[in-house]
Every structure is written in C-alpha cells, then in structure tokens.
Amino acid sequence: MNSIWKKIIIRTTLKQTDKESDAKPVSDYVLAKGYREFLILARRHIKDFILITVGIFSASFGFKGFLLTNHFIDGGATGISLLISAVTKIPLYLLIIGINIPFILLGYKVMGKVFAIKTALAIAGLSLCLATVHFPDVTTDNLLVAVFGGFFLGAGIGLSVRGGAVIDGTEVLAIYLSRKLGTTIGDIIILINVLIFSAAAYLLGIEIALYSMITYLSASKTLDFIVEGIDEYIGVTIVSMRSEEMRQMIINTMGRGVTVYSGKRGYGKRGETKEVDIIYTVITRLELNKLNTEIQKIEPDAFVVMNSVKDTKGGMIKKRALKH
C-alpha cells in the first residue's frame, strides 16, 4: 500500500498517531480492513453530500418558485420562518438560520456532533442558496402553488434526511420532547403545527392559512415518500453469520439495545439448516443511514429486514441519547 494512503488510513479509520503506529506496527490485515472501511465511509459521505445538495436546491425552488410570492407557509421551523418573513419582511435566508440555531444545538445534544455539523452546514447551504440563486415564479394559481410548493419543499427536506441531516429542526425537537413528556413524536409535531397555522390564520388570514395547510400536507406526504415511508421508529431484524459483531456494533456504535433470538438458517435446494443468532433492534429513521453503513462494514451480504414501528414503550430508545 502506498505510504501516503497508509498514513491516511492510520490517522482516519484506525485513529492512531504516527508514534503509536511506529511503536506497534500495523499488520497488513488491519490496514486492508481499515482501507475497506475508509472507502465505505468515503462513499457514504459523497452520497450524503449529493443528497443534501439536491435537497437544498429543491427546497429553495419550493420557497422562491412558489411559496414566497403568495405568502404561503409550511409547518415546522420552515413555517415559522416563512410566517415571520411574511409579517416583518425580514429576508427568509436570515430567518432560516436564526430560527434553526436552537434546533442545531438541541440536535447536538440529542443526535451527536456529526449530525449537528451536517445539519448546520445544510441549513447554511439553504440560506446561501436562497440569498444568491434566482428561481422564476412558476405560477400564481393558489392551488398549484400550495401543492407543488409543498412537493418541492418536502422533497428537499426528505433528501436531506436521507443524507443524514435536516433543514427543518422540528423533528429533532419532537424527538426530544417525546422522550421528556412520554408522548409520540407525531403528537408533538401536530401540536407545533396547530400553533403555527393558528398564528397564520390570525396574521395572514383564513384563506392563506387553509392553503398553507395544503402545502404542509403535500410536503409531509412527499417527505414520507422520499424516505420510503419510514415512520418514527424502525424495527430491524439482522440474520448474519457474524451476529456477535453485529450485536457489539449496535450496542457500542449505535448506542441501542438488542434482542437476540436463537434460530436456524434454511437455504439451498435441500433446505440445509445452520444454527444462527438473530439480532433485533429498534432505531429512529434518522439513524437508518448510519446503521446501513455499519452493517456494510461488518457483512455486506447480511440478511436485513426493516419494518415501520408506530411507537415504542419501555426499553432504552427514548431514554438514551441518539448517536450519529
């Protein structure tokens, strides 16, 4: 392996200093494994960057091409920003940053440093795009503005979530409050949006508030579609010949609890069976991107089944801080 690549792998993936590597030389096997993990992480970050970038432009197009002209709003932090911008004439790109700063700080506490950095960069990118990129006004028809403005905004938020960040911090707040209050994430989001649309009805008028509700419904349905219908929690079943490594990864890297079932694998024309431990865990949809990456590091061919979970009770998922 090239000496430059070797130093990069030792410093990044293996997280060793030059002195540590000189004192205890790294074997070729460890280097090869580190190189493989480095490539997986590099591909993941490139994919995340592309998804977040496309999400930023999609959300910006929804804002400037549809919603701003008619003063329609959405739910969540973007809805608050749009509402204040419509009432005070403060530029939206400034409000997007200002309104989301508390959510970024909360995201650091709830989701971890990497998630907070990604989200901060995504929101800064959205603000920069809104300030510098020109988008034409597509239509003045109120219904089309509500539906397609919500569509492009929801697509932007959904693509950012797929990339491991958010450009609307309401979901982070909902996760935090649901853990503190013992309610579901959906209940918290509904309560927040009821307050936002009530304020819109009072400040902007009933008609605009009603069209804004259509915008929110369009955005939320598009977001759900973009993230493949994933609900607040995902139940993950993993069948792997390296089940112990999977268990350790979920506990130590993801910070989640696991349930281990004893089972048998059946495969081949004759239905040969082999004893295997089956791993089951529950995560939030914001952690799905990281879990897939960690599974790929251990065993790319592992059999993984994911299903939506309406809500959870007991266990540690609502008590422990999320790792990202």
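It should be emphasised that the depicted structure is a prediction, and the values quoted were computed from it without experimental measurement. (Residues numbered from 1 in each chain as written. Predicted model: local features only at pLDDT ≥ 70, side-chain atom pairs only at ≥ 80, totals over all residues. Heavy atoms only, no water.)

Student: Explain the packing of helix α3 (residues 28-70) against helix α7 (residues 142-162) residue by residue, including any values.
Tutor: Taken N-terminus to C-terminus, the directions of α3 and α7 make an angle of 160 degrees; their axes are 7 Å apart at the nearest point. The orientation of α3 with respect to α7, classified from their angle, is roughly antiparallel. The element α3 and its partner α7 pack so that their crossing is left-handed. The residue inventory of the contact of α3 with α7, partitioned by class, reads 15 nonpolar, 8 polar and 2 charged. (Axes fitted to C-alpha atoms, helices over the stretch in contact; angles between N-to-C directions. Helix = DSSP H or I, 4+ residues; strand = E, 2+ residues; numbered from the N terminus. Parallel < 35°, antiparallel > 145°, perpendicular 65-115°, else oblique. Left-handed = near helix turned anticlockwise from the far one by under 90°. Nonpolar A, V, L, I, M, F, W, Y, C, P; charged D, E, K, R; others polar.)

Student: Which residues make up the environment of Lys-64, and what values go with them?
Tutor: Take Lys-64: it is sitting in helix α3. Separated by 73 residues in sequence, Lys-64 and Asp-137 place their C-alpha atoms 7.1 Å apart. When near neighbours in sequence (up to four residues on either side) are disregarded, Lys-64 contacts Thr-69, Leu-130, Val-133, His-134, Phe-135, Pro-136 and Asp-137. For Lys-64, the side chain forms a polar contact with the main-chain oxygen of Val-133, separated by 2.8 Å. (Contact = heavy atoms within 4.5 Å. Polar contact = N/O pair within 3.5 Å; in protein donor to acceptor, adjacent residues only side chain to side chain.)

Student: I'd love a proper account of the pairing of strand β1 (residues 233-239), names of residues and values included.
Tutor: The buried fraction of β1 amounts to 6 of the 7 residues, a majority that puts the element mostly inside the structure. With 7 bridges connecting them, β1 and strand β4 (residues 303-309) associate as antiparallel partners. Its bridge partner lying in β4, Ile-238 is registered against Val-304. (Buried < 20%, exposed > 50% of the residue type's maximum accessible area, 1.4 Å probe, protein only. Pairing = 2+ DSSP bridges.)

Student: Pulling in residues and values, what's your account of the confidence of the model for the chain?
Tutor: As a general rule, the predicted coordinates of low-pLDDT regions are not to be interpreted in detail. Considering every residue of the chain, the mean pLDDT works out to 83; 85% of them sit at 70 or more. The spread of mean pLDDT over the elements of the chain runs between helix α2 (residues 18-23), the lowest at 58, and helix α6 (residues 113-132), the highest at 92. (pLDDT = per-residue confidence, 0-100.)

Student: So what about the packing of helix α5 (residues 92-110) against α6? Which residues, and what values?
Tutor: At a minimum axis separation of 9 Å, α5 and α6 run at an interaxial angle of 175 degrees. For the element pair α5 / α6, the angle class is roughly antiparallel. Across from Leu-92, Tyr-93, Leu-94, Ile-96, Ile-97, Asn-100, Ile-104, Gly-107 and Tyr-108 in α5, the residues of α6 making contact are Lys-113, Phe-115, Ala-116, Thr-119, Ala-120, Ile-123, Leu-126, Ser-127, Leu-130 and Ala-131. Residue classes in the contact of α5 with α6 are distributed as 14 nonpolar, 4 polar and 1 charged.

Student: Describe the nonpolar core, with residues and values.
Tutor: In this structure, Phe-63, Leu-67, Ile-73, Ile-96, Leu-126 and Leu-286 are the most contacted members of the largest nonpolar core, which totals 46 residues. Among the secondary structure elements, those contributing two or more residues to this core are α3, α4 (76-88), α5, α6, α7, α8 (170-181), α9 (185-204) and α10 (206-226). Ranked by the residues each element gives to this core, the list is headed by α3, at 7 residues. When sequence neighbours within four positions are dropped, the list of residues in contact with Phe-63 reads Leu-68, Thr-78, Leu-82, Leu-92, Ile-96, Leu-126, Leu-130 and Leu-153. (Core = buried A, V, L, I, M, F, W, Y, C linked by side-chain atoms within 4.5 Å.)

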